[in-house]
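# Examination of the molecular architecture
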Amino acid sequence: MRERLLKIAYWTLPSLFCLALYWKGLTIWFLHDDFAWLSLRFQVYDWNSLLRAIFTPAEHGTFRPLSERGFFLLFSTLFGVDPLPFRICVFLTEFANLVLLSSIVRRLTGSKLAGFLAPVFWVSNTVMVVAMTWSSAYMQVLCGFLLLAAFHFFLRYNETGQRRYLYLQWIPFLTGFLVMETTIVYPAIAAAYALLCARQHFKKTLPLFVPSILFTILHMKLAPKQAAGTYSIHLDLSMAHTLWTYWRWFFEPFALAFPSTTPLRWILYGSTVLFTLALVGFAGWMAWRGRRVPLFFLACFVIVLAPMLPLREHITDYYLTLPSMGVACLGAAAVAFAFSRQGKKRWTWRAAAVVLSGFFLIVSVTEAHKVTNWWHDRARRVRNMTLGVVEARQLHPREAILLAGVDDTLFWGGIMDGCFRAAGVSDVYLEPGTENRTVSRPALGNVERFILPPQAVLRGLKHNELVVYEAGGERLVNITRRYSQTAFLRLVDRLPARVDAGNPLVAYLLGETWYPIDNRSRWMPRRATLRLRGPDAPGKTLSVQGYCPRSQLTAGPLPLSVTVDGVRMPEMKITHGDSQFTFDYALPASAVGKPEIEITVESGRVFKPEGDGRELGLVFGVFEIH
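Residues numbered from 1 in each chain as written. Predicted model: local features only at pLDDT ≥ 70, side-chain atom pairs only at ≥ 80, totals over all residues. Heavy atoms only, no water.

## Section: the confidence of the model for the chain
Rules: A residue's pLDDT is the confidence the predictor assigns to it, expressed on a 0 to 100 scale. We call two residues contacting when some pair of their heavy atoms lies within 4.5 Å.
Per-residue confidence for the chain averages 90 on the pLDDT scale, and 96% of its residues sit at or above 70. Contacts from residues 255-260, a stretch scored under 50 in pLDDT, to residues over four places away or in other chains number 13 contacts.

Here is the structure:
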C-alpha cells in the first residue's frame, strides 16, 4: 500500500505543484489575441467558410488550424466566452506533458529523482507563465504534448524493438504540423538522440525529415515571412546573440517582465554564468565519460529554439516554453548525478546541487507567482469592461456606446483585438483623447481607428444616439449626462479627417448614393461621395480601404477612380478578388487648410447579384487623411 501511494505521489505531485503555482491561470479571463480567435465563430456559416476559418494562415505567416483556430472555434461554439473550459483543457494537456516528461527523463537517465525534478524545474520557470495564463498560447502546450508523445514512442521502440512504436510516433508527429511550426524540429531531436545514445537506430530517423522539409517549403510558399518588421528573418551572426538572450532568460526571470535594479541585475547575471558553467561543464564531462544523455538535453534546447533564432526582432519569453524543457532536464540530470555520488566528497556534491537548485526554484517560483498575478489582474480589468459593455448593450439596444477612461491596459489587452466583437456587441467607440492615455505601438495597430470623431460625438449626444460609460473602474458607470454637460465646451465641432463608412454615427458625411450598412461596411454603386476635413499641412495622403468581390474581376483588373475637390487622382487597378485593398493618394496642395473637401470614388464596373436589383461597385470601409 505504501509503495502504491508513493508511486501515485511520484506521478501526480508535479501536476499538483503546477496547479498550486498557476491556479489563477485556471480562472483567468481572455486577453489580446484570444478575442480575434473567439470572433472566428461569427465568420462560419457553411462548410466552405468553416474550412477557410480553420485553414487560412495568419497574416504573419503562422499555420495552426488545430491549436488556435480549431481550438477556439470548438470551445467558443460550445461555451461562448466562458474561459473555464478553455483553461481546463490547457491544464489537462500540461499535466499530460509533465507525466510524459517525467517518464522520458526517467528512462533516459535511469534515475527516479531526475524524472521527478525535470517537470518541476520546467513548470516552475517564469517562461511558463504565458502558456499557463493565456489561452492563445495553447499551441505551445499542445505542441509540447505531441513532441513528447512522439519521442516517447521512439524511446519505446529503442527499448523493445517493436516496430509498432516506430509507426506510432508518426501519429503525434504529423498531427503536430496542424498545431505549431515548431513540429519541424522533431526529426532533429530523434536524430540527435540516435547519434548520441542509440546510433544503431539513426537510419530509422531519416524518413522523419521528409515531412519536415516538405512542410517548410510549403509553408514558406503559402505563408511567406515578412521581408522587414517584427517577423522578418535574419540568418546571420545575430542568431548567436538571440540564443544567448534566450539562455539567459531561463535563469534570469526578473528580466522577463520588470526592470531590475543594477545590483540585482548583476546578481542574476552572475548566477546565469554560474549555472552555464555548471550545466555545460556537466554535459561536456559526462559526454567525455561516454554518457551523452546530458549532452542530448543540451542539444534539445538549441534544436527546439532554432526556428526562433532568426527572428531577432521578435524575441519573446513564451518562445522558451518548449526549449526550456531541455535545460530543465539537464538540470534534473545534474542534481540526480550529484546525489548519486559516493565517497568523501558526496556531501559537497549534494550541497552544491541543493544550493543551486534551491536558488533557481526560489527565484523562479517567486517571480512566476508575481507575473501570474499581473496577468490575472490585467485580464480581470478587461473582463469587467467587456461584460460591462454587454450589460450596457442590453440596457441600450439602439444607442451607440462611447467609452471614457480607457487606459493602455484596457485598450491593448482587449479593445485592440476585438473584445466587444467577440462578445457579440457592436457600435462601441472610444472618446476623443483616448490616444493620450495609451502607448503608441504602430507595429501592432493604432488607437485612432477606434475613436469617435468629436463632431460625431456631439451629434450623437444631441440626437440621443449615444450613451457614455466610464470604463476605468471595477464596473462601468453611465456618465452620459455629466459627459454631455462638458462635451460641448471641450470638443471642437469640425469635420473629421477620418471616416469609417460602416459607422452609422458618421453617415451624415456620406453622399446619398451609398447603400445601407452591411456587416460593418457599405456598398457603393458606380459612384459615391463623402466629406472630410482638408489636411492641415502639405504632404498628407488620403488612404482608401475597401473590399473587392471576385465577380468584379471576371473582365480583368477593376479601375478605381478617386477625385479630391475636383482634382482627379491617379487611377488605381484592383487585381485581387475576395480580398481587401488599400490605396494611398497624395493630396493636392489646393486641399490644404480647407474645413471641408469632397471625395468622389468611382468604380470602373458594376454588377447585379442574383436576386438583388441593386447595381454594386465596391465595398468601402475607411477613408483617412494622414
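## Let's talk about the packing of aromatic side chains
Let me state the cut-off plainly: Whether two aromatic rings pair depends on their centres lying within 6.5 Å, for rings of Phe, Tyr and Trp, where Trp uses its six-membered ring; planes under 30 degrees apart make the pair stacked, over 60 edge-to-face, and the rest tilted. A run of H or I in DSSP counts as a helix once it spans at least four residues, and a run of E counts as a strand once it spans at least two, with each numbered from the N terminus. Per-residue accessibility, obtained with a 1.4 Å probe over protein chains only, is compared with the maximum for each type, and a residue is labelled buried under 20%, exposed over 50%, and partly exposed between these values. Criterion for a charge above a ring: Arg CZ or Lys NZ at most 6 Å from the ring centre, at most 35 degrees from the ring normal.
All chains considered together, the criterion is met by 51 aromatic pairs. Arranged with centres 5.9 Å apart and planes meeting at 85 degrees, the rings of Phe-121 and Phe-360 form a pair that is edge-to-face. On the criterion of sequence distance, the pair formed by Phe-121 in helix 7 (residues 112-124) and Phe-360 in helix 19 (residues 346-395) is long-range, its members being 239 residues apart. Each member of the pair, Phe-121 together with Phe-360, is buried. Through successive ring pairs, a cluster of aromatic residues spans Trp-29, Phe-30, Phe-35, Phe-71, Phe-72, Phe-75, Phe-79, Phe-86 and Tyr-138. We note Arg-350 situated over the ring of Trp-347; from NZ or CZ to the ring centre the distance is 4.9 Å. Against the face of Tyr-515 rests Arg-614, its NZ or CZ located 4.8 Å from the ring centre.

## Here we look at the pattern of salt bridges
Selection criterion: Any Lys or Arg side-chain nitrogen located within 4 Å of an Asp or Glu carboxyl oxygen qualifies as a salt bridge.
A complete count under the given rule lists 17 salt bridges for this structure. Here Arg-498 ties to Glu-624 by a salt bridge, and the two come within 3.6 Å at their closest N and O atoms. One end of the pair, Arg-498, is in strand 5 (residues 498-500); the other, Glu-624, is in strand 14 (residues 619-625), with 126 residues separating them in the sequence. Overall, Arg-498 belongs to the buried group, its relative accessible area being 16%. We note a salt bridge from Arg-531 to Glu-596, for which the minimum N-O separation is 3.5 Å. Of the two residues, Arg-531 sits in strand 7 (residues 527-532) while Glu-596 sits in the loop between strand 12 (579-586) and strand 13 (597-603), which places them 65 residues apart along the sequence. For Arg-531, a relative accessible area of 24% puts it in the partly exposed group.

## So, the layout of surface pockets
Definition in use: Note on definitions: the grid is 1 Å and covers protein atoms alone; a cavity is a set of points where a 1.4 Å probe fits but cannot get out; a pocket is an open set with protein on both sides within 12 Å along at least five of seven lines; lining residues have an atom within 4 Å of a point. Grid points are joined across faces, edges and corners, and a volume is the space filled by probe spheres set on the points. Three classes are used: nonpolar for Ala, Val, Leu, Ile, Met, Phe, Trp, Tyr, Cys and Pro, charged for Asp, Glu, Lys and Arg, and polar for all others, with Gly counted as polar.
Size it by volume and the second largest pocket reaches roughly 450 Å³. Considering the residues around the second largest pocket, the lining is formed by 24 residues, among which Ala-278, Leu-279, Ala-334, Ala-353 and Leu-356 are closest to the centre. Broken down by secondary-structure element, the contributors of at least two residues to the lining of the second largest pocket are helix 14 (238-251), helix 16 (262-288), helix 18 (324-340) and helix 19. A class-by-class count of the residues in the lining of the second largest pocket yields 19 nonpolar, four polar and one charged.

## Regarding unusual backbone geometry
One non-glycine residue, Asp-427, lies in positive phi territory at about 60 degrees. Within the secondary structure, Asp-427 sits in the loop between helix 21 (419-422) and strand 2 (428-430). Of note in the backbone geometry, Asn-464 takes a positive phi value of approximately 55 degrees without being a glycine. When its relative accessible area of 62% is taken as the criterion, Asn-464 is described as exposed.

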